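# Examining the three-dimensional arrangement
What follows is the residue order along each chain.
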Amino acid sequence: MKNKNGLFITIEGVEGVGKSTNIETIKQFLADQGIDFIVTREPGGTIWSEQIRDLLLKVNDDEDLTGLSELLLIFAARAQHLDRLIRPSLAAGKWVICDRFTDATYAYQGAGRGLDRSKIAELETLVQEELRPDLTIILDLDPLTGLQRAQNRAALDRFEREQLEFFEKVRQAYLDIASAEQERCIVVDASQDLEAVSSELLIILEEKLSLLQQDD
Ligand code: TMP
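In this text, all values refer to a predicted model and were calculated from it rather than measured experimentally. (Residues numbered from 1 in each chain as written. Predicted model: local features only at pLDDT ≥ 70, side-chain atom pairs only at ≥ 80, totals over all residues. Heavy atoms only, no water.)

This paragraph deals with the overall build of the protein. Of regular secondary structure, the protein possesses 8 helices and 5 strands. Helices and strands in the protein line up, N terminus first, as β-α-β-α-α-β-α-α-β-α-α-β-α. Over its C-alpha trace the protein gives a radius of gyration of 17 Å, about what one expects of a compact globule, namely 17 Å for 216 residues. A principal-axis box enclosing the C-alpha atoms of the protein has dimensions of 55 × 40 × 30 Å. A fraction of 80% describes how many contacts in the protein between residues 6 or more apart in sequence connect residues 24 or more apart. Summing over all exposed atoms, the protein offers an accessible surface of approximately 11,200 Å²; the carbon and sulfur share of this is 48%. The protein carries 24 positive and 40 negative side-chain charges, and their two centres are separated by 4 Å. (Helix = DSSP H or I, 4+ residues; strand = E, 2+ residues; numbered from the N terminus. Rg over C-alpha atoms; globule rule 2.2 N^0.38 Å. Contact = heavy atoms within 4.5 Å. Areas by Shrake-Rupley, 256 points an atom, 1.4 Å probe, with all protein chains shown as cover. Lys, Arg positive; Asp, Glu negative; His and termini not counted. Charge placed at Lys NZ, Arg CZ, Asp CG, Glu CD.)

Residues Pro-143, Gly-146, Leu-147 and Ala-150 constitute the buried set of helix 6 (residues 143-151). Projected down its long axis, helix 6 carries its buried residues within an arc of 95°, all on one side. On the buried face of helix 6, the contacting elements are helix 7 (164-180). With a side-chain oxygen positioned 3.0 Å from the backbone nitrogen of Leu-144, the residue opening helix 6 is Asp-142. (Buried < 20%, exposed > 50% of the residue type's maximum accessible area, 1.4 Å probe, protein only. Arc of directions from axis to C-beta. Polar contact = N/O pair within 3.5 Å; in protein donor to acceptor, adjacent residues only side chain to side chain.)

A few words on the pattern of salt bridges. Within the structure shown, the criterion is met by 15 salt bridges. Close ionic contact of Lys-27 with Glu-24 constitutes a salt bridge, the shortest N to O distance being 3.3 Å. Here Lys-27 and its partner Glu-24 are both found in helix 1 (residues 19-32), 3 residues apart, which amounts to about one turn of the helix. The exposure class of Lys-27 is partly exposed, given its relative accessible area of 29%. Taking the relative accessible area as the measure of exposure, Glu-24 reaches 46% and is therefore partly exposed. Residues participating in the shared-partner salt-bridge network are Glu-70, Arg-113, Arg-158 and Glu-162. (Salt bridge = Lys/Arg side-chain N within 4 Å of Asp/Glu carboxyl O.)

Turning our attention to the site of the ligand. As a matter of local geometry, the ligand sits amid 15 residues, with Lys-19, Arg-53, Arg-100, Thr-105 and Gln-109 nearest to it. The contact in question runs from an oxygen atom of the ligand to an N or O atom on the side chain of Glu-15, over 2.9 Å. Here Arg-53 contributes a side-chain N or O atom positioned 2.7 Å from an oxygen atom of the ligand. Here the ligand loses 93% of its free accessible area of 480 Å² to cover by the protein chains. The pocket occupied by the ligand, as judged from atoms lying within 2 Å of grid points, is the largest pocket. Within the residue set of the shell around the ligand, elements represented by two or more residues are helix 2 (47-57), helix 3 (67-91) and helix 4 (102-112). Residue classes in the shell around the ligand are distributed as 7 nonpolar, 2 polar and 6 charged. (Near = heavy atom within 4 Å. 1 Å grid on protein atoms, 1.4 Å probe; cavity = no way out; pocket = protein on both sides within 12 Å on 5 of 7 lines; lining within 4 Å. Sits in = over half its atoms within 2 Å of the grid points. Nonpolar A, V, L, I, M, F, W, Y, C, P; charged D, E, K, R; others polar.)

A separate point is the sheet that holds strand 2 (residues 37-41). A sheet is described by the order of its strands in space; here 5 strands give the open sequence 2-3-1-4-5, paired in parallel fashion. With partners counted over all chains shown, the strands left at the sheet margins are strand 2 and strand 5 (185-189), one partner each. Mean inter-strand twist for the sheet, computed between neighbouring axes without regard to direction, equals 20°. Direction of pairing for strand 2 relative to strand 3 (residues 95-99): parallel, over a ladder of 5 bridges. Counterpart to Phe-37 in the pairing with strand 3 is Trp-95. (Pairing = 2+ DSSP bridges. Axes fitted to C-alpha atoms, helices over the stretch in contact; angles between N-to-C directions.)

All quantities given are derived from atomic positions and should not be read as evidence of function.
So this is what it looks like as structure tokens:
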């Protein structure tokens, strides 16, 4: 392929939307195609970034975290993740499959917490420079169903404790991003049964791969 860099694919959606299961489908597809890839997540993906993730998810009833502090921690984790894992992997020609990225910041900190978009955009430019995902798959589900699924899994983290209204804003933000950036984003209806979601994902990936091969 002309472009020696790997492809940067991000997966987004509200809690309980089935990202982990669908990432398994993507992994299987890439392995079958013989594509070299890594799977990672945000916040997280490196030792320091995972430590920041722990801070972000941990519930602390004695002191709330301000929206700005939350935003800065997320971008601190992202800066480390980009420098130590994402950029080197892409440069080595690997595909990077990332469970959430900066669209989550626009959705959760922007729409959910009500932080100014321009603050997020400034940090995005500072931390990422020109790097943006090549493809973003947004798994769309009504947040009530998603939260019920998440509640059945484990104790709720600091984000999962938010009210339904918060997740409705998050979902809408994702849909707005998808309609503003149709070249990059694809919305998949995650309320369908798992097989239907998987086969949609496989079609998306096959199309992406054949486009890359045409560029050879
Ligand atoms: P996860 O449960 O999908 O692993 O994500 C952890 C939480 O972090 C999830 O509730 C969404 C939140 N989050 C943000 O609020 N902003 C971000 O930029 C990212 C990447 C995640």
